[in-house]
Amino acid sequence: MDKNKEIILKGNGFMLRPYRKGDYISIAENANNKKIAANLPTSFPMPYTEKNAKELIAQNLKWYKESILLNFVIDIEGLAVGTIGSSMMKNTPFMISFGYWLGEKYWGKGIMSEAIKLYTKYVFGTFKKIQRIEGTVYPWNEGSKKC
C-alpha cells in the first residue's frame with residue numbers, strides 16, 4: 001500500500017485519497033441516505049451501517065496491497081463524504097466500469113463534476129491499457145446527468 005498512500009488528487013475544496021480505517025463513521029453517516037441508495041446498484045446496502053463501511057474499507061485496503069489504486073474517498077475537511085472508483089469489466093481488459101456517490105449535504109456544488117474529471121485524468125494517465133471508462137446514470141438522476 002505504500003505507493004497507494006502517496007496518491008492524492010486535489011480538487012477545489014476536496015481531495016480524492018485512499019481509504020483509511022477511521023473513515024467508517026463518516027462514510028456510514030453520509031451513505032445512509034435513501035436518495036443515494038436509489039441511484040446506486042441494488043447491492044448498495046440500505047440502511048448503510050458502520051459495519052457496511054468497515055467492510056468497504058477493509059476490502060479496499062486489501063485491494064491496495066494487491067494492485068494499483070482504483071478507488072478513492074472524496075475527502076472534505078478530513079471527512080470521507082463520498083467515494084469514486086472502478087472495477088475491471090469481465091472479458092474487456094481495456095475498459096473499466098465506474099461509479100460514485102456523494103453525501104447529500106455536498107450536492108449541487110460542482111464537487112462530483114470536478115472529481116470525475118480528476119479521476120478520469122488519473123485513470124487514463126496511469127493505466128495505459130485502459131481505453132474506456134463506462135458508467136450508468138439513472139434517468140431520474142438529474143445531478144449525475146450534468147456530470
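Now for a look at the structure at hand.

Cut-offs and rules
Residues numbered from 1 in each chain as written. Predicted model: local features only at pLDDT ≥ 70, side-chain atom pairs only at ≥ 80, totals over all residues. Heavy atoms only, no water. Axes fitted to C-alpha atoms, helices over the stretch in contact; angles between N-to-C directions. Helix = DSSP H or I, 4+ residues; strand = E, 2+ residues; numbered from the N terminus. Parallel < 35°, antiparallel > 145°, perpendicular 65-115°, else oblique. Left-handed = near helix turned anticlockwise from the far one by under 90°. Contact = heavy atoms within 4.5 Å. Nonpolar A, V, L, I, M, F, W, Y, C, P; charged D, E, K, R; others polar. Buried < 20%, exposed > 50% of the residue type's maximum accessible area, 1.4 Å probe, protein only. Pairing = 2+ DSSP bridges. Phe/Tyr/Trp six-rings, centres within 6.5 Å; stacked < 30°, edge-to-face > 60°. Right-handed = clockwise from strand over helix to strand, strands pointing away.

Looking at the packing of helix H2 (residues 24-31) against helix H4 (residues 50-66)
Line of reasoning, step 1. Two numbers describe how H2 lies on H4: the axes approach to 8 Å, and their chain directions differ by 120°. Taken together, the axes of H2 and H4 lie oblique to each other. Handedness of the crossing formed by H2 with H4: right-handed. Every residue of H4 that contacts H2 at Tyr24, Ile25, Ile27 and Ala28 is listed here: Glu50, Ala53, Lys54, Leu56 and Ile57.
Line of reasoning, step 2. Tallied by class, the residues present in the contact of H2 with H4 amount to 7 nonpolar, no polar and 2 charged.

Brief notes about the pairing of strand E3 (residues 71-76)
Line of reasoning, step 1. Here E3 lies mainly inside the structure; 6 of its 6 residues are buried.
Line of reasoning, step 2. Side chains of E3 alternate between two faces, with Asn71, Val73 and Asp75 and Phe72, Ile74 and Ile76 buried alike.
Line of reasoning, step 3. As judged from the 3 bridges shared by strand E2 (residues 15-17) and E3, these two strands associate in the antiparallel manner. Across the sheet, the residue bridging to Leu16 is Ile74, located in E3.

Comments concerning the packing of aromatic side chains
Line of reasoning, step 1. Going through the model one piece at a time under the given rule, you end up with 7 aromatic pairs.
Line of reasoning, step 2. Between the aromatic rings of Phe44 and Trp101, the centroid separation amounts to 6.4 Å while the plane-to-plane angle is 65°, which identifies the pairing as edge-to-face. Highlighted residues: Phe44 in the loop between helix H3 (34-37) and H4 and Trp101 in strand E5 (residues 92-102), separated in sequence by 57 residues. Both residues of the pair, Phe44 and Trp101, count as buried.
Line of reasoning, step 3. Between the aromatic rings of Phe72 and Tyr122, the centroid separation amounts to 5.3 Å while the plane-to-plane angle is 85°, which identifies the pairing as edge-to-face. Note that Phe72 is positioned in strand E3 and Tyr122 in helix H5 (residues 111-126), a separation of 50 residues in sequence. The pair Phe72 / Tyr122 is uniform in exposure class, with both members buried.

A short note on the pairing of E5
Put simply, side chains in a regular strand alternate between the two faces of the sheet.
Line of reasoning, step 1. Two elements, E5 and strand E6 (residues 132-134), share 3 bridges in a ladder whose sense is parallel. Residue pairing in the sheet places Ser97 in a bridge with Glu134 of E6.
Line of reasoning, step 2. Remark: the E5/H5/E6 crossover connection has right-handed handedness.

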